Amino acid sequence: GDCSRRLRGDCSRRLRGDCSRRLRGGGGMGLSMDRPTHRLRGGGMDFSMDELQKAMSDPEALEELKRLTSNPEAMAEVRAMMDDPEFRAQMTAMVDEGGAEKLALVKEQLASNDELGGAINEMGPSLGAALDLLKRSCEDAAALEAACSALLSLVRNLAQRPEEERYRTLRTGSPALRERLTRHAGGLLSLEAIGFRADQEELRAREGRRAEAKEEGGEEEEDLELRIGDEARGAAALRRAEQLIATAQREGRAASGLATEHELPFALCVALPSIRAVIGGDSELASGLTKLLLQNDEFRAVLSGPAAEVALPSILGMLRSQAGLRGVLEYFYPEVATPRGHRVRAVSTVGEWKAAVEAAGDRPLVALLGRADDPPSRMLVAVYNKLSTDPAYAPLDFAAVSVGGADDGMALRVLDEAFVHVNALPLFCFYDAGIEHRRWRLAGADVAELQRRLARVAAGLSQAEIDEGPAVEGE
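First, a word on scope: everything that follows refers to the structure included in this document. Quantities reported herein were computed from a predicted structural model and do not represent experimental measurements.

About the cut-offs
- Residues numbered from 1 in each chain as written.
- Predicted model: local features only at pLDDT ≥ 70, side-chain atom pairs only at ≥ 80, totals over all residues.
- Heavy atoms only, no water.
- Helix = DSSP H or I, 4+ residues; strand = E, 2+ residues; numbered from the N terminus.
- Buried < 20%, exposed > 50% of the residue type's maximum accessible area, 1.4 Å probe, protein only.
- Contact = heavy atoms within 4.5 Å.
- Areas by Shrake-Rupley, 256 points an atom, 1.4 Å probe, with all protein chains shown as cover.
- Pairing = 2+ DSSP bridges.
- Polar contact = N/O pair within 3.5 Å; in protein donor to acceptor, adjacent residues only side chain to side chain.
- Disulfide = S-S within 2.5 Å.
- Axes fitted to C-alpha atoms, helices over the stretch in contact; angles between N-to-C directions.

Here we look at the overall build of the chain
Turning to step 1, where the next piece is worked out: A count of helices and strands for the chain gives 21 helices and 15 strands.
Turning to step 2, where the next piece is worked out: Sorting the 475 residues of the chain into buried and exposed places 48% on the buried side.
Turning to step 3, where the next piece is worked out: Residue pairs at least 24 apart in sequence account for 67% of intrachain contacts in the chain once pairs closer than 6 positions are excluded.
Turning to step 4, where the next piece is worked out: Only carbon and sulfur atoms are counted for the fraction: they give 51% of the accessible area of the chain, which is about 23,300 Å².

Remarks on the pairing of strand S9 (residues 225–228)
Turning to step 1, where the next piece is worked out: On S9, burial follows the alternation: Leu 226 and Ile 228 on one face are buried, whereas Glu 225 and Arg 227 on the facing-out side are not.
Turning to step 2, where the next piece is worked out: Sheet topology note: the strand S7 (residues 169–171)/S9 ladder contains three bridges and is antiparallel. If you follow Arg 171 over to S9, its bridge partner there is Glu 225.
Turning to step 3, where the next piece is worked out: Direction of pairing for strand S8 (residues 196–198) relative to S9: antiparallel, over a ladder of three bridges. For Arg 197, the partnering residue across the bridge sits in S9 and is Arg 227.

Description of unusual backbone geometry
Turning to step 1, where the next piece is worked out: The step from Leu 425 to Pro 426 runs through a cis peptide bond, and the omega angle for that step is 0 degrees.
Turning to step 2, where the next piece is worked out: Examined against the element boundaries, Pro 426 turns out to sit in the loop between helix H19 (409–417) and strand S13 (427–432).
Turning to step 3, where the next piece is worked out: Phi angles above zero are rare outside glycine, and Glu 263 is one such case at about 55 degrees.
Turning to step 4, where the next piece is worked out: Locating Glu 263 in the fold gives a position in the loop between helix H11 (235–262) and helix H12 (266–279).
Turning to step 5, where the next piece is worked out: Classification of Glu 263 by relative accessible area gives exposed; the value is 66%.

Section: the side chain of Arg 441
Turning to step 1, where the next piece is worked out: Tracing the backbone through its elements, the reader meets Arg 441 in the loop between strand S14 (435–436) and strand S15 (442–443).
Turning to step 2, where the next piece is worked out: The class of Arg 441 is buried, set by a relative accessible area of 19%.
Turning to step 3, where the next piece is worked out: Polar contacts involving the side chain of Arg 441 include one to the main-chain carbonyl oxygen of Phe 419, which spans 3.2 Å.

A few points about the side chain of His 184
Turning to step 1, where the next piece is worked out: Tracing the sequence through the fold places His 184 in the loop between helix H8 (175–182) and helix H9 (187–194).
Turning to step 2, where the next piece is worked out: Here His 184 is in contact with Leu 134, Ser 137, Cys 138, Glu 139, Ala 143, Ala 147 and Glu 179, once residues within four sequence places are set aside.

A closer look at the state of the cysteines
Turning to step 1, where the next piece is worked out: Under the definition given, this model contains zero disulfides.
Turning to step 2, where the next piece is worked out: Of all cysteine sulfurs, the one in Cys 148 lies closest to Cys 138, which takes part in no disulfide; the gap is 7.1 Å.

Examining the sheet that holds S7
Turning to step 1, where the next piece is worked out: With antiparallel pairing, the three strands of this open sheet are ordered in space as S7-S9-S8. Each end of this open sheet is capped by a strand with a single partner; those strands are S7 and S8. The mean inter-strand angle of the sheet, taken between neighbouring strand axes irrespective of direction, is 35 degrees.
Turning to step 2, where the next piece is worked out: Its contacts with the sheet put H9 on S7, S8 and S9, and the angle it makes with S8 is roughly 105 degrees.

The structure is reproduced here in structure tokens:
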């Protein structure tokens, strides 16, 4: 679009342009999305993904970005934005609306610049994102309560006794800390986001021990000393950390109450805020979700049945994107499904599989391999069929293999042909000219991640991208 540049006193860059929608974030910052540019605004910054990509090849703009990363006030605002849950939800929405490829390119460009990449790494992970991961990984309300209490104790001790050495260091191998916090995904990441860091020499030594243990067939028990630096012990930083952890703790307690009241899994109730954020202002989707959770006996039976523990992660992966949620709703309420065909080629024999690969020719082929006797796999097929009709994925061919059970010999031979074990299902595989990109395999039912990969494959992959595989979200 038509943009003008204005330099501001805080060394940040303001790129102005037409914006049709703005969604507020934390720390006075916001995210706005207007297809196809996807704008980020706030804290003295206003730019689109397209403009940021161009800026990465502009020496003057790069110098300005470097000055910005050395400005403590500006970086504090960036940190506040990253920690804000609404902003993180809107970033996810931006990716789902087509910004995945642009975001991936910007991340690669930032990482390739040593000075900028170093400044970003020095800032460390987002505490808000680390707590999101922690909430998802705790098996029940008691585990999340214990993890949050451990983090709150650490932060409050640092705030009340900043000079006491015993509160400035901790060991990850401590049995008490491991039981309450670091055994969970997101536990160590939360400590790092607060400001606890391991000594680089100890990290290198640990990697050496881990490599030796792997060669000997064992596993190195992780026990690192973490120390918090002076810059992370500031009153404002600790106060913000305490607020974020306390919020996560309250959300866990609210999820526990909801799970008890409506007889729903705790993990699903924990995920509801992020699912609602994905829904946004779509009242039809919100109403459909409520009806599904509280009134659909078939869906509730899946959540409470003998396979619920295995099925729930796949179901949550589908519910965390609009496309996934719509597909699940259409599966359970076929009468509301859009009367439209799909482009997925059903495969049940080796001959049909080879025909699908041959028919794709030079076009990329995406294959969903699932189980007919697995409810999440059946829901995923409905989502997958719908995605195949999206014009954004027009350059792709789609196929689906559904294994009826252990006695479904023909479909199992298709899995053998694809070098896939039945226990790995559901699984998405990506092919080009009959050759699979093994690093691009996607296990499970994370529809948002599937959309990101479909968008990148549809845009065309370089050989380096094929070899490296897709970056994991959050890296």
